[in-house]
Amino acid sequence: MTRHTEVAPKPVTTGTEITRTDCKQCGTEVHGIDGRYSCPLCGWVNHWSEGHNELPAEVDSSGPTTG
Ligand SMILES: [Zn+2]
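Criteria and thresholds
- Residues numbered from 1 in each chain as written.
- Predicted model: local features only at pLDDT ≥ 70, side-chain atom pairs only at ≥ 80, totals over all residues.
- Helix = DSSP H or I, 4+ residues; strand = E, 2+ residues; numbered from the N terminus.
- Buried ≥ 20, exposed ≤ 12 C-beta atoms within 10 Å, placed from the backbone.
- Contact = placed C-beta atoms within 7 Å.
- Pairing = 2+ DSSP bridges.

(A) Inspection of the overall build of the protein chain at higher detail. Looking only at helices and strands, the protein chain features 0 helices and 2 strands. Counting across all 67 residues of the protein chain, residues that qualify as buried make up 4%. Long-range contacts, defined here as pairs at least 24 residues apart, represent 0% of the contacts in the protein chain between residues at least 6 apart.

Structure representation (structure tokens):
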């Protein structure tokens, strides 16, 4: 009996990417995800708009429709 060589399963791509940049405040190399950074030393956090992905639109929960 011959068995086929099983291929290792591909890693699940979640669409997130580890990125890095220099802290705009203290210059420390900061790692983040999809362009979002938070400096562990000085607490600097870049603006969300600098991220690669857009934030999900705020869902406006509509109340019960009457009439
Ligand atoms: Zn910093």
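(B) Representation of unusual backbone geometry. Positive phi values are uncommon outside glycine, yet D34 reaches one of about 55°. With respect to the secondary-structure elements, D34 resides in the segment after strand 2 (29-33). Judged by C-beta crowding, with 13 C-beta atoms within 10 Å, D34 ranks as partly exposed.

(C) The arrangement of the pairing of strand 1 (residues 18-22) in detail. Counting buried residues along strand 1, only 0 of its 5 residues qualify, which leaves the element largely exposed. The pairing of strand 1 with strand 2 spans 5 bridges and is classified as antiparallel. By the bridge assignment, T21 is partnered in strand 2 with V30. Between the end of strand 1 and the start of strand 2, which pair antiparallel, lie 6 residues, with G27 showing a positive phi angle near 85°.

(D) Molecular detail of the environment of T28. Within the secondary structure, T28 sits in the loop between strand 1 and strand 2. A C-alpha to C-alpha distance of 7.5 Å links T28 and C39, two positions 11 residues apart in sequence. If sequence neighbours within four positions are ignored, T28 has contacts with C23, C39 and L41.

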